[in-house]
Amino acid sequence: MTMNEEELEMRTLAEVLESDLLGQYGPMLTGEALRKALGYPSMDAFRQALSRGTVPVKVFPLENRRGKFALAKDVATWLAEQRNKVE
């Protein structure tokens, strides 16, 4: 597969994943949904990654809301990139 084909495949996968995440959670993920989507085995592991700054996508607080949030688009792109690494 050429680089352009691989990039196209990754973008297509990211779009499908984003559509699925948007349909299930809306434009942002938080809490348990974010933990599961990123593959952390527990909320404690996710919290540890947050405190260490090793969460692989940009997470952010929202004013007057508890917890950290990430965009479905960012999570989908990261997942597609991880999938592409194993090929």
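In case you missed it, the structure is sitting above this.
Caption draft 1: Quick look at the overall build of the chain. Within the chain one finds 4 helices and 2 strands. Starting at the N terminus, the α and β elements of the chain follow one another as α-β-α-α-β-α. Along the three orthogonal principal directions, the C-alpha set of the chain runs to about 45 × 25 × 20 Å. Counting the 87 residues in the chain, one finds 28% classified as buried. A total accessible area of about 6100 Å² is found for the chain, and carbon and sulfur atoms account for 52% of it. Computed over 12 positive and 13 negative side-chain charges, the inter-centroid distance for the chain is 12 Å.

Caption draft 2: Looking closely at the pattern of salt bridges. Counted by the stated rule, this structure contains 4 salt bridges. Among the ionic pairs, Arg35 bridges to Glu32, the shortest N-O distance being 2.4 Å. Of this pair, Arg35 and Glu32 both sit in helix H2 (residues 31-38), separated by 3 residues, roughly a single helical turn. Exposure remark for Arg35: the relative accessible area of 10% places this residue in the buried category. Taking the shortest distance from any N to any O, the salt bridge between Asp44 and Arg47 comes out at 2.9 Å. Of the two residues, Asp44 and Arg47 are both situated in helix H3 (residues 43-52); the distance of 3 residues between them amounts to about one turn of the helix. Exposure remark for Asp44: the relative accessible area of 57% places this residue in the exposed category.

Caption draft 3: Fine view of the packing of helix H1 (residues 3-25) against helix H4 (residues 72-85). At their nearest, the axes of H1 and H4 sit 8 Å apart, and the two run at 140 degrees to each other. Between H1 and H4, the angle is such that the two are oblique. Between H1 and H4 lies a crossing whose hand is right-handed. In this structure, H1 contributes Glu6, Glu9, Met10, Leu13, Ala14, Leu17, Glu18, Leu21 and Leu22 to the contact, and H4 contributes Ala72, Lys73, Val75, Ala76, Thr77, Leu79, Ala80, Glu81, Arg83 and Asn84. Among the residues making up the contact of H1 with H4, the classes are represented as 11 nonpolar, 2 polar and 6 charged.

Caption draft 4: Molecular detail of the nonpolar core. Judged by nonpolar contacts, the single largest core of 16 residues is most densely connected at Leu29, Leu34, Leu38, Val55, Val57 and Val75. Of all the elements in the fold, those that place two or more residues in this core are H2, H3 and H4.

Caption draft 5: The arrangement of the side chain of Arg35 in detail. Separated by 2.5 Å, the side chain of Arg35 and the backbone oxygen of Tyr40 make a polar contact. Apart from the residues lying within four places of it in its own chain, the contact partners of Arg35 are Tyr40, Pro41, Ser42, Met43 and Phe46.

Caption draft 6: Structural detail: the packing of aromatic side chains. Considering all chains together, one arrives at 1 aromatic pair under this definition. Aromatic pair Tyr40 and Phe46: ring centres 5.5 Å apart, planes at 55 degrees, arrangement tilted. An identical accessibility class is assigned to Tyr40 and Phe46; each is buried.

About the thresholds
- Residues numbered from 1 in each chain as written.
- Predicted model: local features only at pLDDT ≥ 70, side-chain atom pairs only at ≥ 80, totals over all residues.
- Heavy atoms only, no water.
- Helix = DSSP H or I, 4+ residues; strand = E, 2+ residues; numbered from the N terminus.
- Buried < 20%, exposed > 50% of the residue type's maximum accessible area, 1.4 Å probe, protein only.
- Areas by Shrake-Rupley, 256 points an atom, 1.4 Å probe, with all protein chains shown as cover.
- Lys, Arg positive; Asp, Glu negative; His and termini not counted.
- Charge placed at Lys NZ, Arg CZ, Asp CG, Glu CD.
- Salt bridge = Lys/Arg side-chain N within 4 Å of Asp/Glu carboxyl O.
- Axes fitted to C-alpha atoms, helices over the stretch in contact; angles between N-to-C directions.
- Parallel < 35°, antiparallel > 145°, perpendicular 65-115°, else oblique.
- Left-handed = near helix turned anticlockwise from the far one by under 90°.
- Contact = heavy atoms within 4.5 Å.
- Nonpolar A, V, L, I, M, F, W, Y, C, P; charged D, E, K, R; others polar.
- Core = buried A, V, L, I, M, F, W, Y, C linked by side-chain atoms within 4.5 Å.
- Polar contact = N/O pair within 3.5 Å; in protein donor to acceptor, adjacent residues only side chain to side chain.
- Phe/Tyr/Trp six-rings, centres within 6.5 Å; stacked < 30°, edge-to-face > 60°.

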